[in-house]
Amino acid sequence: ENQLFLEEERRMSFLGFKCLEISRWVICGLIGFLTGLIACCIDIAVENLAGVKYYVVKQNIEKFTEVGGLSISLILWAVLNSAFVMVGAVIVAFFEPGAAGSGIPQIKCYLNGVKIPRVVRLKTLVVKVCGVICSVAGGLAVGKEGPMIHSGAVVAAGVSQGRSTSLKKDFKIFEYFRRDTEKRDFVSAGAAAGVSAAFGAPVGGVLFSLEEGASFWNQMLTWRIFFASMISTFTLNFFLSIYNNKPGDLSSPGLINFGRFESDVSVCGLLGALFNILNYWLTIFRIRYVHRPCLQVMEAMLVAPLGPDQSEDYPLQLFCADGEYNSMATAFFNTPERSVRSLFHNPPGSYNPLTLSLFTLTYFFLACWTYGLTVSAGVFIPSLLIGAAWGRLFGILLAAITPNGSVWAVPGKYALMGAAAQLGGIVRMTLSLTVIMVEATGNVTYGLPIMLVLLTAKIVGDYFVEGLYDIHIKLQSVPFLHLEAPATSHWLTAREVMGAPVTCFNRIEKVGTIVDVLSNTSTNHNGFPVVMPVAASDNICGLILRSQLIVLLKHKVFVELARSRLTQRKLQLKDFRDAYPRFPPIQSIHVSQDERECMMDLTEFMNPTPYTVPQETSLPRVFKLFRALGLRHLVVVDSENRVVGLVTRKDLARYHLGKHGLEEMQLAQT
C-alpha cells in the first residue's frame, strides 16, 4: 500500500470498481470452463488408451487360456503397463519434477502464502495432464482427482493474469489482478473447480478450498468459487455427453459417479494411520536413495506390472466354467473408479471373502508404494477403493456370523462407510469430504453417518500420525503456518523468534549500497525496513520488498537522473505489474560505477504503514497477527520505535509441538 497504489485507487471511479468485480466473475467462469475441458480430455484419453490396451491383453488371455498357459499374456500386460508408466515417469523426472504426485500439498502451501517454485507454471500443467493419463492408463494404483485439483489451480493462476510468461504472450487484460492476494483468491477457485470436475461436487469443491486449501478466506469468494465449480461440472458433462453420443444427458456428475446408496455404519482411521506411517518411511527412503531421475523412472516401471488393470466391461473367465468369471482377475483388471462402484452396488454373494481379503491387502501396499513415485498421481480413488474393499469384507463377515445378518447387513452399505473412513483416515478431511461423498452418491440421507465416520477416522488417525498431505509438507521442509501457534509456546516472545540484526535502508539510500545488499547471497532477504533519522535514533518509516527494489534499479529511478531529465517518464504501478511474478535476478541488472554513487528515494514506493510489534509480544499473539493478516514480514521495535528485529514466516513455522514438547525443525532455504 504505497503512494502509487493509493493514487491509482483514489483515481478509480465507482464504475471502475464495478467493472473489476465483473472481471472477477468472468475470470472464475473461464477457470471453470477450462478446468472442465481439461478433465474431459483426461477422461477421454484414459478411456481410449485403457480400452485399446485391455482389448489386446484380453485377446491374448482368451487365446492362451485355451492351451493352458497365461505367461505370454502376463508378459504383454507387464510390458504395456511399463511402457505407459515409463513415458509418464520420464516426462515428470526429466522435464518437470514439480508435476509429481497429486499436487495438493503444493497447492495447499501456495494458498497458505508459500511461493513453491514452478508449482503454477504452464509447463507443469502440460506434464501433469500427460503424466496422469499415462499413470492411470499404465494400471498404477492411482487416481485422476488430485492432479485435477492441481490442474485447476494452474489454470486459475494463468487465466487470472491475462498472459503467459512461459509463452511470453501478454493479452493486456486483467492487469489489475497481477499481485499475490488476487492471484491466490483465483487459485482457490481453480482448486475448487478441480474438485467439482473430478467428483461432480460443486459445493464440495467450495468446502474443499475452505477446509483444506485457502488460508485467507474472503466471504466474497464463496459465490465466485461456487460459480467456477458449477461451470466446471457443466462443461465436463456437456462435452462428455457429446463424446458419448448423448447430447441431452447433462446429469453425469463428474469423472466419479458412485450412484445411489443406502448406508449406516461407521469405522475408524487405523488403516489410514498405518497407510500414512508406511508412506512416510517410504518417502524418507526415496529422499535418501532414489533421488536421481533415472532411478525414479526405474522405480515407477517396477511398480507398473504389479498394479491392477482395466476394465470391468469384459469380465474374465480364465479357467472358470462357462457362464462364470474369475472374481479375483476381474477385480485386478478394472479401473479403480469402476471397482469402487462394483463394491458399492454388486449384490451379496458377488465376492468371495478370501479373494476380497487378498485383493484388499495387495492393493493397500501397492497404493502406499505408488503415492510418492515420480509420476502424476492422486490418492483419492485408491483410498476409496481400499476402504470399500475392506468395508464390504466387514459386511460379508458380519452377515455370516450374526442371525438374520443377510437381511440388514448389506455389504454395499459397509463398503461406502469403509471408503469414507479410509480416505478420511489418510487425508483427514471432514466437512468437505462429507459433502463430496453425498454429492457423488446422489443421496443426502447419508450425510450424518458419513460425517460420523469421518470424525471417528480423523480422531483415531490424529492420535497416531498427521494427515498424508501434512506429512509430505513437513518432509519438504516448507514453512507452512497452521491455524494456531503451538499450545506450549506462550513463554516465547518476539525477541526470541525474530531475525536479528536487520538490514535496513534509509529513506534516501545510495544505489551502490542497495545493489550490494541485494547481491549478498548469504542473506537473500526479501523485505527491508526503511528508517529515517529522528533525534539520535533511526525510527522506522516504511517497508520495501526486494522485487520493488529490483524494478527501481532496472528503470534507474535515481534522484540525480530525475533532476537532469525533466521529461523522464514517471514510474507507474503498471511497471511493477508487468514484471510480476518473475522479477529479474539482481545479477541481470547492470549498474555502472557512476550510477552506484547516485541516490534513490524510496518514499513513493515503500509501504509507509508496516505492521510492527513490541519485542515483548508473546509468540501466539505474533502468530495470530501474522496468520490473520496474511503477512510476509512483521517488524519488531523497541520502546523508542527503533527496529530491533524482523519476523518472517520461517521464524514462526520452525516451531512445532513434538513428542517432547515444543521443538524446532529445519526449514528449506528457498
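From a predicted model like this one, the values you see are computed outputs, not experimental measurements.

Definitions and limits used
- Residues numbered from 1 in each chain as written.
- Predicted model: local features only at pLDDT ≥ 70, side-chain atom pairs only at ≥ 80, totals over all residues.
- Heavy atoms only, no water.
- Helix = DSSP H or I, 4+ residues; strand = E, 2+ residues; numbered from the N terminus.
- Contact = heavy atoms within 4.5 Å.
- Patch = residues over 30% accessible without salt bridge, like charges linked within 9 Å, V, L, I, M, F, W, Y side chains within 5 Å.
- Areas by Shrake-Rupley, 256 points an atom, 1.4 Å probe, with all protein chains shown as cover.
- Salt bridge = Lys/Arg side-chain N within 4 Å of Asp/Glu carboxyl O.
- Pairing = 2+ DSSP bridges.
- Axes fitted to C-alpha atoms, helices over the stretch in contact; angles between N-to-C directions.
- UniProt positions renumbered as here; feature names shortened; annotations may be inferred.
- Parallel < 35°, antiparallel > 145°, perpendicular 65-115°, else oblique.
- Left-handed = near helix turned anticlockwise from the far one by under 90°.
- Core = buried A, V, L, I, M, F, W, Y, C linked by side-chain atoms within 4.5 Å.
- Buried < 20%, exposed > 50% of the residue type's maximum accessible area, 1.4 Å probe, protein only.
- pLDDT = per-residue confidence, 0-100.
- Disulfide = S-S within 2.5 Å.
- Arc of directions from axis to C-beta.

(A) Region of the structure containing the overall build of the chain. Scanning the chain from N- to C-terminus turns up 28 helices and 12 strands. Taking all contacts inside the chain whose residues are at least 6 apart in sequence as the whole, residues at least 24 apart take part in 76%.

(B) How the structure looks around a nonpolar patch on the surface. On the surface, a cluster of nonpolar side chains totalling about 690 Å² of accessible area is made up of Leu270, Ile277, Tyr280, Trp281, Tyr463 and Phe464. Broken down by secondary-structure element, the contributors of at least two residues to the nonpolar patch are helix 10 (270-289) and helix 19 (447-464). The leading source of residues in the nonpolar patch is helix 10, at four residues. On the secondary structure map, tyrosine 280 appears in helix 10.

(C) Representation of the sheet that holds strand 6 (residues 537-545) in the model. A sheet is described by the order of its strands in space; here three strands give the open sequence 3-5-6, paired in mixed fashion. Every interior strand has two partners, whereas the edge strands, strand 3 (505-506) and strand 6, have only one. Across eight bridges, the pairing between strand 5 (residues 527-534) and strand 6 is antiparallel. Looking at strand 6, one finds that valine 530 is bridged to glycine 542. Against the sheet, helix 23 (residues 546-554) makes contact with strand 3, strand 5 and strand 6, and its axis sits at roughly 80° relative to strand 6, the strand it touches most.

(D) Region of interest: the UniProt feature "transmembrane region" (unreviewed entry) in the chain. UniProt's entry tags residues 22-46, 67-95, 186-209, 221-243, 263-282, 351-373 and 379-402 with the feature "transmembrane region" (unreviewed entry), counted in the numbering of this structure. Along residues 186-209 one finds 92% helix and 0% strand; the C-alpha atoms at either end are 11 Å apart. Between the first and last C-alpha atoms of residues 379-402 the distance is 34 Å; the span itself is 92% helix and 0% strand.

(E) Region of the structure containing the sheet that holds strand 9 (residues 633-637). With mixed pairing, three strands are arranged side by side in an open sheet as 8-9-10. The open sheet is flanked by strand 8 (612-614) and strand 10 (643-648), the only strands paired with a single partner. Adjacent strand axes in the sheet meet at a mean angle of 30° when their direction is disregarded. Of the strand pairs in this sheet, strand 8 and strand 9 are connected by three bridges, and their pairing is parallel. Of the residues in strand 9, the one forming a bridge with proline 614 is valine 637.

(F) Highlighting the packing of helix 10 against helix 14 (residues 353-370). Following both chains from N to C, one finds helix 10 and helix 14 inclined at 45°, their axes separated by 9 Å at the closest point. Between helix 10 and helix 14, the angle is such that the two are oblique. Crossing of helix 10 against helix 14: the hand is right-handed. Listed contacts from helix 14 to Leu271, Leu274, Phe275, Leu278, Asn279, Leu282 and Arg286 of helix 10 are Phe364, Phe365, Ala367, Cys368 and Trp369.

(G) Molecular detail of the nonpolar core. Of all hydrophobic cores here, the largest spans 112 residues; its most connected members are Phe275 and Phe380. Aside from chain neighbours lying at most four places away, what touches phenylalanine 380 is Ile104, Glu145, Phe199, Phe208, Leu423, Met429 and Tyr469. Judged by nonpolar contacts, the second largest core, of 31 residues, contains Phe505, Phe528, Ile589 and Cys598.

(H) Layout of the confidence of the model for the chain. For the chain, the mean per-residue pLDDT works out to 84, and 87% of the residues sit at or above 70. Of all the helices and strands in the chain, helix 12 (residues 327-332) carries the lowest mean pLDDT, 60, while strand 8 carries the highest, 94. In the model, residues 260-266 has pLDDT below 50 throughout and makes 26 contacts with residues more than four positions away in sequence or in other chains. Every residue in residues 310-314 is under pLDDT 50, and counting partners more than four places away or in other chains gives 22 contacts.

(I) The arrangement of the state of the cysteines in detail. Per the counting criterion, the structure on display carries zero disulfides. Cysteine cysteine 40 remains unbridged, with the sulfur of cysteine 41 as its closest cysteine sulfur at 5.8 Å. Cysteine 40 gets classed as buried once you look at its relative accessible area, which sits at 5%. With no disulfide of its own, cysteine 541 lies 9.8 Å from the sulfur of cysteine 504, the closest cysteine sulfur. Residue class for cysteine 541 comes out buried when judged on its relative accessible area of 15%.

(J) Up close: the pattern of salt bridges. One pass over the full model with this rule turns up 25 salt bridges. Put simply, aspartate 638 and arginine 642 hold a salt bridge, and the shortest N to O gap is 3.0 Å. Judged by relative accessible area, aspartate 638 falls into the buried class, the value being 15%.

(K) Spotlight on helix 27 (residues 619-629). Inspection of helix 27 places Leu619, Pro620, Val622, Phe623, Phe626 and Arg627 among the buried residues, and these make up the whole buried set. Along the axis of helix 27, the buried residues cluster in a sector spanning 160°; they form a single face. Turned more than 90 degrees from where helix 27 packs its buried face, Arg621, Lys624 and Ala628 sit exposed. Where helix 27 ends, the next residue or the one after it, glycine 630, has phi of about 65°, a positive value.

(L) Structural detail: unusual backbone geometry. The residue after alanine 500, namely proline 501, is reached through a cis peptide bond having omega -5°. Looking along the chain, the bond that leaves tyrosine 580 and enters proline 581 is cis, with omega of 0°. Counting through the fold element by element, proline 581 comes out in the loop between helix 25 (573-579) and helix 26 (593-596). Positive phi, normally seen in glycine, also occurs at arginine 118, with a value near 65°. Tracing the backbone through its elements, the reader meets arginine 118 in the loop between helix 4 (104-112) and helix 5 (122-137).

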